[in-house]
Every structure is written in structure tokens, then in C-alpha cells.
Amino acid sequence: MPLIRIPPGWELPERLATPEAVYLNRRRFLKQLGAAGLGLVAGPALLGAEEGAALYPAKCNPAYTLDRALTAEGVAASYNNFYEFTTDKEAVREKVADFKPHPWQVEIRGLVNNPKVWDFDELVRKLPLEERLYRHRCVEAWAMAVPWTGFPLKALVDLARPLSGAKYLRLVSFYRPDEAPGQKWQPWYSWPYYEGLSMAEATNELTLIATGIYGHELPKQHGAPLRLVTPWKYGFKSIKSIVLIDFVAAQPPTFWHTANPDEYDFVANVNPAVPHPRWSQATEQLIGTNERVPTQLYNGYGEYVAKLYS
Ligand SMILES: Nc1nc2c(c(=O)[nH]1)N[C@H]1C(S)=C(S)[C@@H](COP(=O)(O)O)O[C@H]1N2
Ligand SMILES: [Mo]
């Protein structure tokens with residue numbers, strides 16, 4: 001069962017190749033405009049302009065910067081994996097039209113002292129938002145580099161106050177076949193999408209819950225209003241549009257492992273030495289360019305996470 005239909009060749013249509021300078025200039029422009037202008041320039045806001053302006057852009061954390069150019073915003077927003085809508089990466093941004101990520105609730109439950117159904121708008125104001133530049137590596141052997149805005153998942157774990165028996169987090173996405181056509185025409189998948197992390201992975205400093213990208217809130221195709229980001233793992237771990245985080249004792253099943261156990265495992269760490277049955281993982285295509293570069297163990301984040309797997 002293919003996770004991905006590989007397009008013939010890696011060339012992107014010319015219209016996707018927005019030069020990096022556009023993003024940088026736009027960001028500077030937004031800063032100069034200040035809060036009042038943000039709602040106007042940042043496009044259709046899910047929050048009201050006033051609320052959105054208070055949260056984005058968040059301060060960039062200089063500890064997480066990159067050795068490679070950022071992917072242009074227009075490229076990242078036009079080449080997405082979000083099987084709830086379509087398997088056609090370039091069409092996701094259109095197929096999300098009926099999806100309503102606002103208002104949104106996310107439930108924290110299981111082995112915790114503080115179970116709670118959070119209103120997303122309340123949660124996002126309670127936790128410390130910051131911007132981080134991260135590499136993003138899909139198991140299909142393509143990569144991007146994007147500026148996420150979000151909070152460390154550890155901050156949310158601390159709010160939940162896990163009991164000592166909580167060893168894993170089970171994260172679940174939404175089930176809304178009327179808004180997400182892919183959930184209707186792909187009944188062979190076990191919707192909703194679900195993923196999992198060990199407690200050590202969930203509380204690692206790299207692990208983010210992203211609520212924004214490129215200095216504004218997440219557009220729907222990137223997993224609005226909140227999604228996981230684990231940059232040392234293949235992209236399928238980074239579950240979008242989360243509605244439930246369940247603290248559990250045992251390793252939970254995951255969507256892609258359930259669909260195809262020979263191709264997708266739980267840990268899913270980026271590793272150039274371990275080929276996927278359909279994709280060598282030795283190199284990766286930088287989306288929006290004609291460059292192919294060597295893949296790094298843990299996607300280059302070994303100094304943060306290698307200790308978790310020794
Ligand atoms: N709910 C959900 N989350 C998901 C997916 C999905 O199909 N559904 N695809 C995953 C895959 S394979 C990748 S590579 C990333 C893509 O994130 P992006 O489109 O924001 O770049 O989302 C991940 N999260
Ligand atoms: Mo992916």
C-alpha cells in the first residue's frame with residue numbers, strides 16, 4: 001500500500017519556485033508594519049486579526065538555526081502530505097477548503113493528574129511560543145527547511161502532570177469525513193490518523209507542537225491549528241491537526257505501521273544507512289531546487305537525540 005505516489009522526476013512547476021528572498025523580505029515587511037498590518041498581509045486568518053497579531057510572528061530562538069536555505073513559503077505550502085484530503089501533494093492546499101480548524105478543542109487524558117479538554121485558543125495563549133528553523137525530511141526522500149512557530153511539547157506534558165506509569169504519548173488527529181474527502185474514498189485506512197512517541201521523545205527539547213509557520217498561524221494544509229514536529233524523524237511521525245493526546249503505559253499502534261508494517265516502524269528515525277523498501281534514504285531532494293544532498297543520521301540532530309537510542 002503506497003504511502004506516496006512519486007511524481008515523475010523531482011522537477012517542481014516553475015510557479016512553485018518562489019525565491020527565498022521573497023520570504024525574507026515579506027518577514028521584514030511584516031515586522032515593519034507591526035501588529036496592525038499583520039492580519040491584512042498574512043492572508044486569511046483563522047483567529048481574528050487582533051488575536052493573531054498578538055501571537056505571530058513569535059521571537060526566533062537562535063539556538064535552532066540551519067546550515068541550508070529555507071524553503072520558499074509558497075513551495076512548502078503547495079507540496080504537502082495530508083492523506084485526509086488527497087494523496088496529490090500539490091492539490092492538498094485546495095482540497096482543504098471545507099476543513100474547519102477553528103474553533104478547535106484538544107483533549108489531554110490518560111495517565112495524568114490534570115486531564116482537560118482545552119480550547120485551542122486558550123491553550124495557545126498559555127504556552128510559550130517561539131520560532132525555530134528546522135529541517136523537515138519525508139520518508140519519500142525529499143526535504144524542506146521551514147520556520148515553525150510553536151511551543152515545546154514538554155511544556156504541555158508539564159501542564160498535564162503525568163503519573164509515573166505514563167511511558168508513551170498517543171496522539172490522534174480528527175475524524176471528519178464530511179470535511180476531509182480522503183477519509184471517505186480511502187476506507188482501507190484506519191482513520192483517524194494516529195501516532196505515538198515515548199515519554200523521552202515527547203519531552204526532548206527538539207519536540208515541538210507547531211501552531212504557526214513562516215511567521216503566521218498554520219495554514220490548513222500544514223495541519224492547522226496544531227501539529228507535531230519531530231525533526232529527527234521521518235515526516236509521517238509529525239501528525240497534523242491533533243484532537244487528542246493520551247498518556248499511556250504501552251507503546252501505542254501507529255497509522256502507517258498498521259497500514260504497512262514492513263515499511264513503517266514506530267521509531268522512524270532518519271537514517272541514511274537503512275533504505276526503505278521503495279526509497280533509498282542515502283540522499284534527499286531539496287524541494288523547490290534541483291539540489292540533491294546526502295541525508296544525515298537523525299536528520300542532523302544527533303547531538304540532541306542520539307542518547308535516546310544508545
Ligand atoms: N494527520 C496527518 N498528519 C500527517 C500526514 C497525514 O497524511 N495526515 N502526513 C505526514 C507526512 S508523510 C509528512 S511528510 C508531513 C508533511 O507535512 P507538511 O505538509 O506540513 O510539510 O505531515 C505528516 N503528518
Ligand atoms: Mo512524509
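Bear in mind the structure is a predicted one, so any value in this text is a computation, not a measurement. (Residues numbered from 1 in each chain as written. Chains lettered and ligands numbered in written order. Predicted model: local features only at pLDDT ≥ 70, side-chain atom pairs only at ≥ 80, totals over all residues. Heavy atoms only, no water.)

S.K.: So what exactly am I meant to see when it comes to the overall build of the protein here?
M.R.: Check the secondary structure of the protein and you find 11 helices and 12 strands. For the protein, with 310 residues in total, the buried portion stands at 55%. Across the protein, every contact between residues at least 6 apart in sequence was considered, and the portion connecting residues at least 24 apart equals 73%. (Helix = DSSP H or I, 4+ residues; strand = E, 2+ residues; numbered from the N terminus. Buried < 20%, exposed > 50% of the residue type's maximum accessible area, 1.4 Å probe, protein only. Contact = heavy atoms within 4.5 Å.)

S.K.: Would you mind going over unusual backbone geometry with me for this structure?
M.R.: Glycine aside, the phi torsion of most residues is negative, and most peptide linkages are trans. The peptide bond linking Tyr-56 to Pro-57 adopts the cis configuration, its omega dihedral lying at -5°. For Pro-57, the position within the fold is in the loop between α3 (49–55) and α4 (73–76). Each neighbour pair has its own omega, and for Ala-224 with Pro-225 the value is -5°, a cis peptide bond. Structurally, Pro-225 is set in the loop between β8 (216–217) and β9 (227–229). Unusually for a residue other than glycine, Arg-161 sits at a positive phi of about 50°. What makes Arg-161 partly exposed here is its relative accessible area of 45%. Its identity as a non-glycine residue notwithstanding, Ser-241 has a phi of 50°, on the positive side. Considering the arrangement of structural elements, one finds Ser-241 in the loop between β9 and β10 (242–248). Ser-241 sits in the buried class, given a relative accessible area of 0%.

S.K.: Got a minute to help me understand empty space enclosed by the protein in this structure?
M.R.: Unoccupied space between atoms shows up once a probe the size of one water molecule is rolled over them. On inspection of all chains with the given rule, the structure shows three cavities of 30 Å³ or more. When its volume is computed, the largest cavity comes out at roughly 330 Å³. Along its surface, the largest cavity is lined by 24 residues, and Asn-81, Phe-82, Arg-227, Gly-235 and Lys-240 are the ones closest to its centre. In the lining of the largest cavity, the residues fall into 15 nonpolar, six polar and three charged. (1 Å grid on protein atoms, 1.4 Å probe; cavity = no way out; pocket = protein on both sides within 12 Å on 5 of 7 lines; lining within 4 Å. Points joined across faces, edges and corners; volume = space filled by probe spheres on them. Nonpolar A, V, L, I, M, F, W, Y, C, P; charged D, E, K, R; others polar.)

S.K.: It is not clear to me how the packing of aromatic side chains should be interpreted in this structure. Could you clarify?
M.R.: Given two aromatic rings, one states the distance between the centres and the angle between the planes to describe the pair. A full pass over the atoms with the stated rule returns 28 aromatic pairs. With 5.8 Å between their ring centres and 70° between their planes, Tyr-134 and Tyr-301 make a pair best called edge-to-face. With a gap of 167 residues between them, Tyr-134 in strand β3 (residues 130–137) and Tyr-301 in the loop between β12 (292–294) and α11 (302–305) connect regions that are remote in the sequence. In this pair, the class of Tyr-134 matches that of Tyr-301, namely buried. The rings of Tyr-83, Trp-185, Trp-188, Tyr-189, Trp-191, Tyr-193, Tyr-194, Phe-236, Phe-255, Trp-256 and Tyr-264 are connected pair by pair, giving a single aromatic cluster. Positioned above the aromatic ring of Tyr-301 is the side chain of Arg-135, whose terminal nitrogen or guanidinium carbon lies 4.6 Å from the ring centre. In this structure, Lys-237 is placed above the aromatic ring of Phe-266, and the distance from its NZ or CZ to the ring centre is 4.1 Å. (Phe/Tyr/Trp six-rings, centres within 6.5 Å; stacked < 30°, edge-to-face > 60°. Lys NZ or Arg CZ within 6 Å of the ring centre and 35° of its normal.)

Such coordinate-based values are descriptive only and should not be taken to indicate function.
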